[in-house]
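In case you want the letters, here they are:
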Amino acid sequence: MRKAPLAVFICITMALFTASGCLILGKNKENKSFDSAGIDQLKPGETTASDVLKLLGAPTEVVKLSNGNAYIFKQVESKGTGLILFVVNMGYANTHYDQLVCFFDDQNILTHYGLTMDAENAHYGLP
Amino acid sequence: MPIMAFRNRFYSILAVLILFVGSSGCSLRLLWQEEGRPVLPHDEDLAPGSTNLTQALAILGAPDRVMELNGENVLVYQQSFIDSRQVSLGIPLQSFYTSLVKFSGSGEVGTSDYLILFFNNDYLLTRKIYEKNSEFPFLKTLMAKPQSVNQRGKQTRPYPENGKNSDLVITPAPPVPSDSR
């Protein structure tokens, strides 16, 4: 039986060593998820700012507008992937939001609201 | 013949070792970050002068940012990207010397696509701005020279005519008929 050359053995060892590495998966969430029952109760023209606070809790941000205010509720979800090899390192981070923006007039009555449920679309991947 | 065989094997091992040791000083790092939803121009759905806030929110959902600007309410939809790359070529000399001889190049490009909507106090869309920056090539963006102050006023084509292949589209409000005032 013929012996494999030493160079082949070293090549295989080096290939295994080079290919060895680690895969890192990470997930990050900021703020609690929205209460969908609370969002269903929002009625433009009827719901007040106090009602919104009772239903949804404290907003992430409050913005003064020219004819009222806007309350912004935001939930952030991020997913990250890292691939660390001997020579090549790759990283990928993907962030998506669930966001609700409530617009109030000068009397603090809800006039409009916009809702985006996109946090679930955060995904792992590579560049 | 045994000497030739030994020599061939020796060179093979030497080549592998050089490759192994040499590559230990080299690295390639690629990082990509994406934040937010894709931002589209919505040219057909959003018409300044006729689209109201309710319609805009129904089409686009919640904006990423809201602000007040000169008496108008501004909704900003934004998707951000960060592209970071680094290449290092090194000669590891730690075994013989105290440091590593290393040549390294790195760059990071952050871009965003924007859709900015302006609403008046009657919640009517007055104008919109769409800007797409994410499709620019990495190296071209990184190496582009910044415009000097004198050149900024000399742009020959400040606002491209259509939104599909352009970088920036500003859609102004339609002119108000004189008899309506």
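Preceding this section is the structure that the text describes.
Since we're looking at a predicted model, the values are computed, not measured.

### A few points about the environment of A:Val8
Link 1 in the chain: By secondary structure assignment, the location of A:Val8 is in helix H1 (residues 6-19).
Link 2 in the chain: Spatially, the C-alpha atom of A:Val8 lies 62 Å from that of A:Ser36, the residues being 28 residues apart in sequence.

### Quick notes on the environment of A:Ala122
Link 1 in the chain: Looking at the secondary structure, you find A:Ala122 in the segment after strand S5 (110-117).
Link 2 in the chain: Not counting residues up to four positions away in its chain, the partners in contact with A:Ala122 are A:Glu77, A:Ser78, A:Lys79, A:Asn94, A:Thr95 and A:His96.

### Here we look at the interface of chain A and chain B
Link 1 in the chain: Counting residues at the interface gives 33 residues for chain A, matched by 32 residues for chain B.
Link 2 in the chain: Sorting the residues of the side of chain A that touches chain B by element identifies H1, strand S2 (61-65), strand S3 (68-84), strand S4 (88-104) and S5 of chain A as the ones contributing at least two each.
Link 3 in the chain: Pairing between S4(A) and strand S1 (residues 27-35) of chain B: 8 bridges, direction parallel. By the bridge assignment, A:Ala93 is partnered in S1(B) with B:Gln33.

### A closer look at unusual backbone geometry
Residue and element names in this part refer to chain B.
Link 1 in the chain: If you check the backbone angles, histidine 42 has positive phi at about 50° while not being a glycine.
Link 2 in the chain: Along the polypeptide, histidine 42 turns up in the loop between S1 and helix H2 (53-60).
Link 3 in the chain: Phi at tyrosine 123 is positive, roughly 60°, even though this residue is not glycine.
Link 4 in the chain: Looking at the secondary structure, you find tyrosine 123 in the loop between strand S4 (101-119) and strand S5 (125-131).

### Description of the pairing of S2(A)
All names here are of chain A.
Link 1 in the chain: Bridge analysis of S2 against S3 gives 5 bridges, and the strand direction is antiparallel. Counted as the bridge partner of leucine 65 is glycine 68 from S3.
Link 2 in the chain: Counted between consecutive antiparallel strands, the loop separating S2 from S3 contains 2 residues.

Cut-offs and rules
- Residues numbered from 1 in each chain as written.
- Chains lettered and ligands numbered in written order.
- Predicted model: local features only at pLDDT ≥ 70, side-chain atom pairs only at ≥ 80, totals over all residues.
- Helix = DSSP H or I, 4+ residues; strand = E, 2+ residues; numbered from the N terminus.
- Contact = placed C-beta atoms within 7 Å.
- Pairing = 2+ DSSP bridges.

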